[in-house]
2 protein chains.
Amino acid sequence: MAITGDQRLLKRINRMALVRLVRSQPGLSRAELSTATGLTKSTVSLLVQELIDDGWLCEDTVLVTGAIGRRPTPLRLDGRRLVMIGAELSVGSVCVVSMSLNGEVLEREECTFPLQTSAEVVLAQMAGLIATQVGRQSDARRELLGIGVGVPGAVMETSGVLAVAPNLGWRDVPVRAMLLAALTRLGVVDLPLFVQNDGDVAALGEVEFASGPVGDPLLYICLGVGVGSGVVVGGRLLLGGRGFAGEVGHMQMQADGPRCSCGRSGCAEVFIGLQAMANTLGCSIAELETRVAAGDAAALSVLTAGGRHLGVLMHNLWAMLDPAVIVLGGPACRLGKPLLGIAQETFEALARAANLETPPVTESRFGDLSVAAGAAALVLHKLLQPI
Amino acid sequence: MAITGDQRLLKRINRMALVRLVRSQPGLSRAELSTATGLTKSTVSLLVQELIDDGWLCEDTVLVTGAIGRRPTPLRLDGRRLVMIGAELSVGSVCVVSMSLNGEVLEREECTFPLQTSAEVVLAQMAGLIATQVGRQSDARRELLGIGVGVPGAVMETSGVLAVAPNLGWRDVPVRAMLLAALTRLGVVDLPLFVQNDGDVAALGEVEFASGPVGDPLLYICLGVGVGSGVVVGGRLLLGGRGFAGEVGHMQMQADGPRCSCGRSGCAEVFIGLQAMANTLGCSIAELETRVAAGDAAALSVLTAGGRHLGVLMHNLWAMLDPAVIVLGGPACRLGKPLLGIAQETFEALARAANLETPPVTESRFGDLSVAAGAAALVLHKLLQPI
């Protein structure tokens with residue numbers, strides 16, 4: 001769609017561009033913003049003042065150095081007033097957080113549900129947790145920008161319908177509409193509400209809450225019962241034609257390998273998934289963690305095999321996507337070196353064989369809150385999107 | 001970077017948006033363009049007249065139906081005046097084409113070179129072929145929009161440096177600068193010149209020369225001595241952090257598989273690459289094709305194995321990227337059903353096991369000219385890019 005001459009649209013685009021610039025280069029002055037954007041100094045001054053009044057930006061203290069003349073005032077994101085709520089729907093639990101613009105977790109709340117619970121009941125519980133946080137943020141005189149939700153499955157972005165979530169056994173659930181209805185019943189109205197896949201929002205969390213430049217593309221790999229991913233390239237999510245992109249847990253890694261819950265055989269998830277690894281040992285996920293911590297040889301050998309497969313998966317995604325950074329997240333990261341160390345070694349050995357260097361691989365800064373924080377980042381992502 | 005109020009920039013954006021709209025929906029009228037863009041009718045009329053004068057658009061004949069009143073005039077791309085030159089550098093040969101806006105191949109010319117030839121000499125030969133075509137297009141009173149080049153390796157897009165082309169044995173060759181110098185010596189100056197990876201430009205050829213809507217994302221898989229790919233998503237190429245994206249021929253398909261020329265083992269290329277398949281039979285690529293055509297059992301069995309691996313590769317890329325369409329191209333397509341049929345069956349069987357449907361898989365409309373035509377499409381892509 002072409003840009004119309006609409007001045008309001010241009011103004012919004014310029015405002016959001018200024019916010020993104022200050023976020024990636026904290027400390028920029030108005031003059032530097034003018035140079036970077038090509039906007040006149042008076043336009044920048046006007047927009048920056050609005051952004052300060054609206055709670056997006058604030059001025060850093062200027063150090064008095066004794067030098068003559070007025071120093072340019074450094075700007076940065078204002079973490080005090082604007083907040084986003086992020087909610088994670090996972091297999092058996094719901095987690096809701098309130099996040100500042102800077103990616104600070106202001107509040108968190110969780111509840112669990114038995115796996116056979118209906119979508120209606122689960123989403124009503126989620127709405128309850130969200131409503132509580134809405135109230136608290138209001139009491140704290142913070143302003144809510146919107147609500148984001150991360151779900152373990154493919155989402156039709158415009159409708160907010162969860163097409164399929166195999167590990168929940170859900171299909172064609174209108175998550176957005178049901179949540180909006182539940183929130184309305186609780187008196188929470190007129191807030192933007194966005195729904196997206198969990199791996200995708202977790203990837204956004206790494207980008208939208210970064211204070212400084214971020215590798216582009218950024219590949220996030222989510223390691224849990226399921227293995228998923230999210231890619232942010234040029235500031236946008238790679239969603240695929242139907243919103244099904246990132247199903248890396250079902251890339252085939254071994255012809256005629258063990259059967260996967262999806263119906264195929266030899267999927268990555270069969271080797272790397274938390275539940276699959278526990279199943280190989282005939283124990284629960286909690287027991288797997290305990291045994292690994294205790295140095296149990298059988299458990300460590302399962303993790304070694306899983307780590308090798310994860311290393312090959314990381315390599316293959318890197319060959320396809322050439323990410324500038326890979327971020328690992330999800331509960332399986334708790335298994336630490338016996339899984340992630342072997343994966344890194346495998347990845348590096350493959351790259352070295354081809355005389356290539358691997359990109360930086362890091363762990364998510366949000367730990368277990370990657371998806372919930374990422375869901376809050378989805379709100380920011382939508383609001384800061386250029387067009 | 002934020003958009004400045006610059007009216008020229010807005011005008012360029014609007015002009016190119018109109019061209020893209022008419023291309024994807026041939027027959028649109030000025031009134032329909034106004035509705036689709038939000039631009040006023042007078043602005044659309046003004047811009048359309050300019051685009052007609054400049055050779056981008058033309059008016060279709062209006063059928064006289066006897067109805068009262070003036071009929072809206074359908075618009076379409078003008079294939080008569082503007083041309084782009086596309087050049088393919090491949091392993092041992094150079095191919096140069098002139099293309100109309102509609103994707104019609106107006107001229108083609110080829111030459112071969114021994115593999116040990118220096119980059120300087122090869123690019124001088126390419127410049128010679130290009131200069132000949134520049135002259136012919138000028139004689140035919142066509143206007144040249146620019147030159148695109150597709151190369152078998154990773155390209156730094158802004159500098160036009162070919163970082164590494166393993167099958168040519170080239171490293172850090174400033175293709176763009178060397179070609180510009182050679183063209184200047186031949187009196188060809190002041191033309192935009194773009195250089196990009198062969199799989200990437202071939203993908204662009206499918207998008208920029210389509211007359212009608214195109215699946216988004218579009219995944220192009222290039223099957224030859226090397227196996228590469230290109231992805232166009234939201235109208236843009238997925239290039240990766242260093243321009244190395246799409247190296248799908250080096251995704252690992254089998255632990256401890258046969259050794260690949262890249263130094264790794266079990267890469268996709270070892271199973272699917274033309275040279276690798278010929279090597280397995282101990283024959284040349286030409287002999288492989290002859291033996292397949294003659295129904296030779298050993299040759300067909302190598303193709304069956306290759307086809308199965310190709311099917312798994314297509315499946316894995318689909319799981320990761322969720323393309324709306326997959327296009328297969330490159331010389332290995334000449335092997336036909338014994339390779340591509342098995343691949344399709346394998347892909348479909350994997351999807352069916354998970355109760356999923358595969359996306360449409362087609363063959364490139366440009367056949368052996370996929371990369372050369374795609375290189376011409378790169379020029380169009382650059383010129384039509386919104387910002």
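Nothing here was measured: the structure is a model prediction, and the numbers come from that model.

A. Quick peek at the interface of chain A and chain B. Contacts between the two partners involve 49 residues from chain A, matched on the other side by 50 residues from chain B. Both faces considered, chain A and chain B share a buried interface measuring about 3,900 Å² in area, 63% of it formed by carbon and sulfur atoms. With its nearest N and O atoms 2.9 Å apart, the salt bridge here joins Asp322 of chain B to Arg242 of chain A. Here chain A and chain B share 16 residue pairs in polar contact (both at pLDDT 80 or more) between them. Those elements that provide at least two residues to the side of chain A that touches chain B are α1 (7–24), α2 (30–37), β12 (227–233), α10 (297–321) and α11 (337–353) of chain A. Top element by residues in the side of chain A that touches chain B is α10 of chain A. It accounts for eight residues. Residue composition of the side of chain A that touches chain B, grouped by class: 27 nonpolar, 15 polar and seven charged.

B. The arrangement of the relation of the copies chain A and chain B in detail. Note on the identical chains: chain A maps onto chain B by a rotation of 180° and an axial translation of 0.0 Å, with an RMSD of 0.0 Å. What the rotation and shift describe, once combined, is the action of a two-fold rotation axis.

C. View of the sheet that holds strand β7 (residues 154–156) of chain B. All names here are of chain B. A sheet is described by the order of its strands in space; here three strands give the open sequence β7-β8-β9, paired in antiparallel fashion. The sheet terminates laterally at β7 and β9 (170–173), the two strands that pair on one side only. Across the sheet, the mean angle from the axis of one strand to that of its neighbour is 20°, orientation sign disregarded. Direction of pairing for strand β8 (residues 161–165) relative to β9: antiparallel, over a ladder of three bridges. Counterpart to Val164 in the pairing with β9 is Arg171.

D. Structural view of unusual backbone geometry. Residues Asp216 of chain A and Pro217 of chain A are joined by a peptide bond in cis, for which omega reads 0°. Relative to the elements of secondary structure, Pro217 of chain A occurs in the loop between α6 (198–208) and β11 (218–223). The phi dihedral of Asn355 of chain B falls on the positive side, at around 60°, and the residue is not glycine. With respect to the helices and strands, the residue Asn355 of chain B is situated in the loop between α11 (337–353) and β15 (361–363).

E. View of the side chain of His381 of chain B. With respect to the secondary-structure elements, His381 of chain B resides in helix α12 (residues 370–384). Taking relative accessible area as the criterion, His381 of chain B reaches 4% and is therefore assigned buried.

F. Examining the packing of α1 of chain A against α2 of chain A more closely. Residues and elements named next belong to chain A. At a minimum axis separation of 11 Å, α1 and α2 run at an interaxial angle of 115°. In terms of orientation, α1 and α2 fall into the roughly perpendicular class. Seen from above, α1 lies across α2 with right-handed handedness. Between α1 and α2, the contacting residues are Leu18, Leu21 and Val22 on the first element and Leu33, Ala36 and Thr37 on the second.

G. Representation of the nonpolar core within the structure. Of all hydrophobic cores here, the largest spans 94 residues; its most connected members are Leu223 and Leu288 of chain A together with Leu223 and Leu288 of chain B. Discounting chain neighbours no more than four positions away, the residues touching Leu223 of chain A are Ile272, Leu310, Leu328, Gly329, Gly330, Pro331, Ala332, Cys333 and Leu340 of chain A.

H. Structural detail: the pairing of strand β3 (residues 82–90) of chain B. All names here are of chain B. For β3, a buried count of nine out of nine residues is recorded, marking the element as mostly surrounded by other parts of the structure. Of the two faces of β3, the one holding Leu82, Met84, Gly86, Glu88 and Ser90 and the one holding Val83, Ile85, Ala87 and Leu89 are both buried throughout. Pairing of β3 with strand β4 (residues 93–100) involves eight bridges; the strand directions are antiparallel. Paired with Ile85 across the strands is Ser98, a residue of β4. Between β3 and β4, which follow one another and run antiparallel, lie two residues, and Gly92 among them has a positive phi close to 105°.

I. Looking closely at the sheet that holds strand β13 (residues 236–237) of chain A. Residue and element names in this part refer to chain A. What the five strands build is an open sheet, ordered β13-β12-β11-β14-β15; its pairing is mixed. Where the open sheet ends on each side, the last strands, each with one partner, are β13 and β15 (361–363). In this structure, strand β14 (residues 325–329) lies alongside β15, joined through three bridges in parallel fashion. Its bridge partner being in β15, Leu328 is matched across the sheet by Glu363.

J. Quick look at the packing of aromatic side chains. Scanning all chains against the criterion turns up four aromatic pairs over all chains. Where Phe209 of chain B meets Phe366 of chain B, the ring centres are 5.9 Å apart and the plane angle is 70°; that geometry is what we call edge-to-face. Taken as a pair, Phe209 of chain B in the loop between α6 (198–208) and β11 (218–223) and Phe366 of chain B in the loop between β15 and α12 lie far apart in primary sequence, 157 residues in all. Taken individually, Phe209 of chain B and Phe366 of chain B each receive the classification buried, so the pair is uniform in this respect. Above the plane of the ring of Phe244 of chain A lies Arg242 of chain A, whose end atom (NZ or CZ) is 4.1 Å from the centre.

Rules used throughout
- Residues numbered from 1 in each chain as written.
- Chains lettered and ligands numbered in written order.
- Predicted model: local features only at pLDDT ≥ 70, side-chain atom pairs only at ≥ 80, totals over all residues.
- Heavy atoms only, no water.
- Contact = heavy atoms within 4.5 Å.
- Buried area = accessible area lost by both parts, 1.4 Å probe.
- Salt bridge = Lys/Arg side-chain N within 4 Å of Asp/Glu carboxyl O.
- Polar contact = N/O pair within 3.5 Å; in protein donor to acceptor, adjacent residues only side chain to side chain.
- Helix = DSSP H or I, 4+ residues; strand = E, 2+ residues; numbered from the N terminus.
- Nonpolar A, V, L, I, M, F, W, Y, C, P; charged D, E, K, R; others polar.
- Least-squares fit on C-alpha atoms with pLDDT ≥ 70 in both.
- Pairing = 2+ DSSP bridges.
- Axes fitted to C-alpha atoms, helices over the stretch in contact; angles between N-to-C directions.
- Buried < 20%, exposed > 50% of the residue type's maximum accessible area, 1.4 Å probe, protein only.
- Parallel < 35°, antiparallel > 145°, perpendicular 65-115°, else oblique.
- Left-handed = near helix turned anticlockwise from the far one by under 90°.
- Core = buried A, V, L, I, M, F, W, Y, C linked by side-chain atoms within 4.5 Å.
- Phe/Tyr/Trp six-rings, centres within 6.5 Å; stacked < 30°, edge-to-face > 60°.
- Lys NZ or Arg CZ within 6 Å of the ring centre and 35° of its normal.

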